[in-house]
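# Notes for the structure review
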Amino acid sequence: MDSRGEVDVTFARALSLVEVEPRSGQVTAGAEEEYRPSPVGSDWRERIRPAVSFLVVLTLLVLAVVFVLARGSVADPDIWWHLHNADYLIQHHALPRQDMYSFTVAGHPWINHEWLGELPYYFAWRAFGLRGIDAVTLSVLSFIFLGLLYLSYRHSGHYKASVAACCYAVFLASVSFGPRTILFGYAYLVVLLIVLQRFRQRDSGLVWTIPPLFCLWVNTHGSWLIGLILFSIVIGTGLVHGAWGAVSAEPWTRSQRKKLLLVWGASVAALFVNPFGSRLVFYPFDLAFRQKLNIEHVAEWVSVNFHDLRGKLVLVLVLVLVISALLRSCRWTLAELGLLTFALYGGLTYSRFLFLLGIVVAPPLAKILDFIPRYRREADTPVLNGFVIMLMIGAAAYFWPRDAKLQAAVGQQYPVQAMSYLEAHPPQGPMLNFYLWGGYINWRDPNLKIFLDSRVDIFEYSGVLQDYLDLLSLTQPAKVLEKYRISYVLFPPDEPLTYVLEHDQGWKVLYRDRISVLLERTKDHSANIAADRRNIIDGTGTSRVARTATP
């Protein structure tokens, strides 16, 4: 057998061996009988048996759900300026510290708080183009949910239930699928939870990996604050002892408490190891308390909509948790309850945190789903399993997005053809662009300065975002267009502002396709635009700026 085959068999055997690992210092009833691996003999059939176990099929099922929901998602509006930032870093060996892409806030101080998370996407793009970006996205998501599967199994001792819980978590988390730096933050979160779980069970020395983890995290994404909150909840709930109905709290030992407090302090100190110092550390608080328009008008900050599919899945989850608490004898630790309460609040209040909810809820959900029949090794069917495994791998290879398909996906969401027109006919004045297109426009043509992009913070501070929202709602649009001396407008054809300008004698259409319309001002004076307000309504009476396309 070649070395690759030996590695595959070793991995599969390790998967089987983890089935007998104790949970919280105890072995789940029936776990040894359910998961005891057979002795490895000299017969080649026994050697390859772990590689074609039904456990491998179940594991691939989780990855298959991730693949189906995430493949080809390369058109996130942030990815373009992330690539631009990383390119600047590689070319100049320095981080951009001011705006370089717009004419509205040119030179305005700016913190690139996600600089480390941009580099994997950039190097992948340099090597393989859009396919590389897609591959990095799928790899990080696979890492997250394989780690979550491991975490859920260690918590429940039930592999099938853990797979079901993780598949459910994938559906919740798909709200944030795409080439986004926050994915690295969630990967760090899964690692943090695994380390803390192992520390609770074995007092593992891995706990000292947490400060370096936070050092990486703060340079990657502002979600480090969520990790620190969850870390604090785990520590805090271990400082009390007691039982309250189905909830119990097991206190840390004196040595555990001392070590955790030292690690927590070292983690906070590690946050300040970054190129921007305290400004980067305080950025998440700036987002929460200063960027009001961002939170009020960007779509991913809205609360869960219980009328769509994802909202109904969240409602099912809440009902399952309530029914389980009322009708079943499920025991909860105070730490579990604290983590779940925080995650439920975050996920229900802001839809972007449904990913967080999926990660936190998967381990206790696996424990609730203990009624699912357990895996029985004696009932395994290696031949059928092998066929299914090969079929799943072949399907992934066959349906892996090709470059042409990824380019087509970009063309369906961004003004690709309009940019070709602009490159052939450079605009002779400032251009108003659609919010979601800003990063793409400047990445495609760095010489073409934009009105705004999805770096919401810098545009909110300067008032540009409010002016843009006024344009969307047709609140004194002539005044806003004149304020910035806009000579061109590149907008989708179905926007109210596009309709108004198309019917104004002061503007003419230079280019049109099904994605975009490019208009040019024909007069020096302000156009007479209808005074009546046409609000863009999202169903709740609030004008909103779309942030990402939801899969």
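You'll find the structure just up there.
Below is a summary of the structure that appears in this document. (Residues numbered from 1 in each chain as written. Predicted model: local features only at pLDDT ≥ 70, side-chain atom pairs only at ≥ 80, totals over all residues. Heavy atoms only, no water.)

### Section: the environment of Tyr-159
Selection criterion: For the purposes of this entry, the term helix denotes a DSSP run of H or I that reaches at least four residues, the term strand denotes a run of E that reaches at least two, and both are numbered from the N terminus. With a 1.4 Å probe rolled over the protein chains alone, any residue whose accessible area is under 20% of its type maximum counts as buried; one over 50% counts as exposed, and the rest are partly exposed. Two N or O atoms count as a polar contact when they lie within 3.5 Å, although within protein this holds only if one can serve as hydrogen donor and the other as acceptor, and sequence-adjacent residues are included solely when both atoms are side-chain atoms.
By the secondary structure assignment, Tyr-159 is in helix H8 (residues 159–173). Under the relative-accessibility criterion, Tyr-159 is labelled buried at 3%. Within the local environment of Tyr-159, its side chain forms a polar contact with the side chain of Thr-59, the two groups lying 2.6 Å apart.

### Structural notes on helix H21 (residues 416–424)
Formally: This arc describes the spread of directions from the helix axis toward the C-beta atoms. Note on contacts: a residue pair is in contact if any heavy atoms of the two residues lie within 4.5 Å.
Within the sequence span of H21, burial applies to Ala-418, Met-419 and Leu-422. With its buried residues spanning 100 degrees around the axis, H21 presents them on a single face. Its buried side turned inward, H21 meets strand E4 (431–433), helix H22 (438–444), strand E5 (488–491), strand E6 (507–512) and strand E7 (517–521).

### So, the sheet that holds E6
The condition is simple: Only strands joined by at least two bridges in the DSSP assignment are considered to pair. Angles shown run from 0 to 180 degrees and are taken between the N-to-C directions of axes, each axis being a line fitted to C-alpha atoms and, for helices, limited to the stretch in contact.
Strands sit in the order E4-E5-E7-E6 across an open sheet of 4 strands; the sheet is mixed. The sheet is open, and its two edges are formed by E4 and E6, each paired on a single side. The sheet shows a mean angle of 20 degrees between the axes of neighbouring strands, direction not considered. With 4 bridges joining them, E5 and E7 adopt antiparallel strand pairing. In the strand pairing of E7, Leu-490 is matched with Leu-518. The sheet strands contacting H21 are E4, E5, E6 and E7, and the helix crosses E6 at an angle near 110 degrees.

### Thoughts on the pairing of E7
With respect to burial, E7 is a largely interior element, 5 of its 5 residues being buried. Side-chain alternation along E7 places Val-517, Leu-519 and Arg-521 on one buried face and Leu-518 and Glu-520 on a second face that is also buried. Relative to E7, E6 runs antiparallel, the two being bridged by 5 bridges. Residue pairing across strands places Arg-512 opposite Val-517, the latter belonging to E7.

### Observations concerning the side chain of Ser-454
Examined against the element boundaries, Ser-454 turns out to sit in the loop between H22 and helix H23 (456–461). The class of Ser-454 is buried, set by a relative accessible area of 7%. Of the polar contacts made by the side chain of Ser-454, one reaches the side chain of Asp-78; its length is 2.4 Å. Excluding residues within four positions of it along the chain, Ser-454 makes contact with Pro-77, Asp-78, Trp-81 and Tyr-435.

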